[in-house]
Amino acid sequence: MPVPKSVTKINKDGVQFISSVDRVSYTIEELTRAALRDAGRYLSKEVRKMVPVFRGVLKRCVGVWVKKDRSTGQVLLQMGIYSNKKAKEKGLTPAYHAHLVQFGYEHVGSGHVNGVNYLDFPVYKNIQTIQQIESQYLSALNDENEALSLIQSTMDKDGEVDENKY
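The following refers to the structure shown. Just so it is clear, the model here is predicted, and its values are computed rather than measured.

Attention shifts here to the pairing of strand β3 (residues 62-68). As paired strands, β3 and strand β4 (residues 75-81) are joined by seven bridges and run antiparallel to one another. Paired with Val62 across the strands is Ile81, a residue of β4.

Spelled out as structure tokens, the structure:
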């Protein structure tokens, strides 16, 4: 989405009022998206470190999405494992066992196998780093040029999250 025009001019009694509300709203929303994209890149790397490796299928299926909630309009970061359909679209082997690794399972004859909390733990462990990443972006609200360059730096050529930045 292009940057909206910053000027809404109102002339009253020889005084010209200029409103930049649309432009500022756009900048805030896009900075929030960019901060979440960057935090998502970092977290996906941390999640991949925690995933136990058998053949590497699960590591490759870790995904990050920055979406806008339809009901609230709030920008959200979602992280998880690609669905079977999405994994196949991306040319990956689906991680059918992702839930078993996360939550554990009971195997006949060998007893209970505990899960590896590979999705939640990296988030809780890295809250300070996530806050630092986001504060770096939100501090750019004071300078529009810096804000626009940060927004552009988090996108790849398709406007999607470039997970290979880190």
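What follows concerns the packing of helix α1 (residues 21-50) against helix α6 (residues 127-138). Between α1 and α6, whose axes approach to 9 Å, the crossing angle comes to 150°. Comparing the axis directions of α1 and α6 gives the class roughly antiparallel. The hand of the α1/α6 crossing is right-handed. Judged by residue contacts, Leu31, Thr32, Ala34, Ala35, Leu36, Asp38, Ala39, Tyr42 and Leu43 of α1 engage Thr129, Ile130, Ile133, Glu134, Tyr137 and Leu138 from α6. Taken together, the residues that form the contact of α1 with α6 break down as eleven nonpolar, two polar and two charged.

On to the side chain of Thr27, then. Of note, Thr27 is situated in helix α1. Thr27 has contacts with Leu141, Ala147 and Ile151, leaving out every residue within four places of it along the chain.

Each value, and the rule that gives it
Residues numbered from 1 in each chain as written. Predicted model: local features only at pLDDT ≥ 70, side-chain atom pairs only at ≥ 80, totals over all residues. Heavy atoms only, no water. Pairing = 2+ DSSP bridges. Helix = DSSP H or I, 4+ residues; strand = E, 2+ residues; numbered from the N terminus. Axes fitted to C-alpha atoms, helices over the stretch in contact; angles between N-to-C directions. Parallel < 35°, antiparallel > 145°, perpendicular 65-115°, else oblique. Left-handed = near helix turned anticlockwise from the far one by under 90°. Contact = heavy atoms within 4.5 Å. Nonpolar A, V, L, I, M, F, W, Y, C, P; charged D, E, K, R; others polar.

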